[in-house]
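Each chain is listed here by its residues.
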Amino acid sequence: MKKKYLDTDTPTGGVVNIGDELPLWSAPFGLKLLDKVRYKPDISALDIGFGSGFPLIELAMRLGEGSVVYGIDPWEAACERAGEKALAYGVYNVRILQGVAESIPLEDESIDLIVSNNGINNVGSREQVLDECGRVSRSGAQLVLTMNLDQSMYEVYQCFEKVLMARQMDDAVNRMHRHIAEKRPPVAHLLRELRDRGFVIREQEYDQFNYCFTDGTAMLNHYQIRSGFLNAWVDMLPQGKVEEVFDALEDELNIQARRDGALRLSIPFVVICAEKS
Ligand SMILES: C[S@@+](CC[C@H](N)C(=O)[O-])C[C@H]1O[C@@H](n2cnc3c(N)ncnc32)[C@H](O)[C@@H]1O
């Protein structure tokens, strides 16, 4: 039989319309994650929170056609997009499960590899998702996950706090700290949760990158900030105060950027590798 990669009829023509492998934001975490995977033939893998298909589709291609990679994510539009991409790339060993990882529709001890690129820190109940990871993992299964840490974008949150404190908005400050703690739990906490589910921690690697902008105005208008962060920031505020607070925040960030030459947001993150006992 003709090899797939030599078959010019294999779908690749649509790739030009769908060539966005992953959001640029996801890449620094994702490259590390892909580096840590133990690549083996004929395995069953699972990606938790794959968004528009990362690392789901990349992993399916790297593992090869003998393996199956399931992906679970509740976001309907993103699931459709991931399905279109897989088809356009001619990747047929991806199985998209639209739903939440708190309830994974897979058999007990059926999975050899679980990955999650900034996914597990974004679910509704991390405890339930980790219970499910423990349940579906075979003995010896590898788990590789990335998560940005609580100091992420501290440059923005410090300015935010200053603006809120100047207006005596203590409730909003508390909501901001709660939001950070929920999205970015301490690593030690997460490691304990994994051990409690029978995972042995094999490796933790820390890294960081800078997310740089000319100023606060450019940052607040960036689509990734608007789609990934802004709603949560707005939700911290009483409704009548949103415009006033964001005017002041933008001004503060712009002053900071003029002083420092640019607005540099630190994004520290961790890659955790574990193995099911
Ligand atoms: C920050 S995005 C990461 C997307 C992708 N992994 C990437 O690297 O670009 C987090 C993803 O988690 C998904 N998510 C949120 N709650 C979830 C849940 N309960 N179970 C599974 N995925 C969930 C979101 O829909 C979103 O696609």
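Predicted model, so just to flag it, every value in this text is computed and none were measured.

Participant: With reference to specific residues and values, describe the site of the ligand.
Facilitator: By nearness alone, 18 residues border the ligand, and Ser-26, Gly-49, Asp-73, Glu-102 and Asn-117 come closest of all. Between Glu-102 and the ligand, the recorded distance is 2.8 Å, taken from a side-chain N or O atom to a nitrogen atom. Between an oxygen atom of the ligand and a side-chain N or O atom of Asn-117, the distance comes to 2.8 Å. Within the complex, 84% of the 600 Å² of free accessible area of the ligand lies under protein. Within the shell around the ligand, the residues separate by chemical class into nine nonpolar, seven polar and two charged.

Participant: Talk me through the domain arrangement of the protein; I want residue IDs and the actual numbers.
Facilitator: As far as domains go, the protein holds domain 1 (1-148) and domain 2 (150-183 + 210-268). Here the C-alpha centre of domain 2 lies 31 Å away from the C-alpha centre of domain 1. The interface is formed by seven residues belonging to domain 1 together with eleven residues belonging to domain 2. Ranking the residues of domain 1 by area buried against domain 2 places Trp-25, Asn-121 and Asn-148 at the top, with a combined share of 71%. Applying the counting criterion to the domain 1 and domain 2 interface returns zero salt bridges. Connecting domain 1 to domain 2 are two residue pairs in polar contact (both at pLDDT 80 or more).

Participant: Quick rundown of the pattern of salt bridges? Include the residues and the values.
Facilitator: Tallying each qualifying case throughout the model produces 17 salt bridges. Where Glu-275 meets Arg-38, a salt bridge forms, and the shortest distance between an N and an O atom there is 3.2 Å. Linking Glu-275 in strand β7 (residues 263-276) with Arg-38 in the loop between α2 (27-36) and β1 (44-48), this pair joins segments that are 237 residues apart in sequence. The network of salt bridges with common partners includes Lys-32, Lys-36, Glu-203, Glu-205 and Asp-207.

Participant: Quick rundown of the side chain of Glu-132? Include the residues and the values.
Facilitator: Looking at where Glu-132 falls in the secondary structure, it is placed in helix α5 (residues 126-136). In this structure, Glu-132 is in contact with Ala-101, Glu-102, Ser-103 and Ile-104, ignoring residues within four places of it in sequence.

Participant: Give me the state of the cysteines: which residues, what numbers.
Facilitator: Under the criterion given, the structure shown has zero disulfides. Looking at the unpaired Cys-133, the closest cysteine sulfur is the one in Cys-273, lying at 14 Å. The buried category is assigned to Cys-133, whose relative accessible area is 0%.

Participant: An account of the environment of Arg-184 is requested, with residue identities and associated values reported.
Facilitator: Inspection of the secondary structure puts Arg-184 in the loop between α7 (170-183) and α8 (187-196). The class for Arg-184 is buried, based on a relative accessible area of 5%. Spatially, the C-alpha atom of Arg-184 lies 15 Å from that of Gln-208, the residues being 24 residues apart in sequence. Beyond its immediate stretch of four places on either side in the chain, Arg-184 contacts Asn-148, Leu-149, Asp-150, Ser-152, Tyr-157 and Phe-229.

Participant: Give a description of unusual backbone geometry that names residues and reports values.
Facilitator: Most of the time, phi is negative for any residue but glycine, and the peptide bond is trans. A cis amide bond links Phe-54 with the next residue in sequence, Pro-55, at an omega value of 0°. Tracing the chain through its elements places Pro-55 in the loop between β1 and α3 (56-63). Notably, Asn-118 is not glycine yet its phi reads approximately 55°, a positive angle. The topology assignment puts Asn-118 in the loop between β4 (111-117) and α5. Of note, Gln-168 is a non-glycine position whose phi angle comes to about 55°, a positive value. Owing to a relative accessible area of 65%, Gln-168 belongs among the exposed residues under this scheme.

Participant: Before we move on, could you go through α8 and cite the residues and values that matter?
Facilitator: Every buried residue of α8 is listed here: Val-187, Leu-190, Leu-191, Glu-193 and Leu-194. Down the axis of α8, the sector holding all buried residues measures 160°, keeping them to one side. Counted as exposed and oriented over 90 degrees from the buried face of α8: Ala-188 and Asp-196. Buried residues belonging to α8 abut α5, β5 (137-148), β6 (199-213) and β7.

Participant: Can you explain the packing of α5 against α8? Please cite residues and give values.
Facilitator: Taken N-terminus to C-terminus, the directions of α5 and α8 make an angle of 40°; their axes are 10 Å apart at the nearest point. With respect to their mutual orientation, α5 and α8 come out oblique. When the axes of α5 and α8 are compared, the crossing they make is right-handed. Mapping the contact onto sequence places Arg-126, Glu-127 and Leu-130 in α5 and His-189, Leu-190, Glu-193 and Leu-194 in α8. Of the residues contributing to the contact of α5 with α8, the split by class is three nonpolar, one polar and three charged.

Quick notes on the rules
- Residues numbered from 1 in each chain as written.
- Predicted model: local features only at pLDDT ≥ 70, side-chain atom pairs only at ≥ 80, totals over all residues.
- Heavy atoms only, no water.
- Near = heavy atom within 4 Å.
- Polar contact = N/O pair within 3.5 Å; in protein donor to acceptor, adjacent residues only side chain to side chain.
- Areas by Shrake-Rupley, 256 points an atom, 1.4 Å probe, with all protein chains shown as cover.
- Nonpolar A, V, L, I, M, F, W, Y, C, P; charged D, E, K, R; others polar.
- Domains from an automatic or database assignment.
- Contact = heavy atoms within 4.5 Å.
- Buried area = accessible area lost by both parts, 1.4 Å probe.
- Salt bridge = Lys/Arg side-chain N within 4 Å of Asp/Glu carboxyl O.
- Helix = DSSP H or I, 4+ residues; strand = E, 2+ residues; numbered from the N terminus.
- Disulfide = S-S within 2.5 Å.
- Buried < 20%, exposed > 50% of the residue type's maximum accessible area, 1.4 Å probe, protein only.
- Arc of directions from axis to C-beta.
- Axes fitted to C-alpha atoms, helices over the stretch in contact; angles between N-to-C directions.
- Parallel < 35°, antiparallel > 145°, perpendicular 65-115°, else oblique.
- Left-handed = near helix turned anticlockwise from the far one by under 90°.

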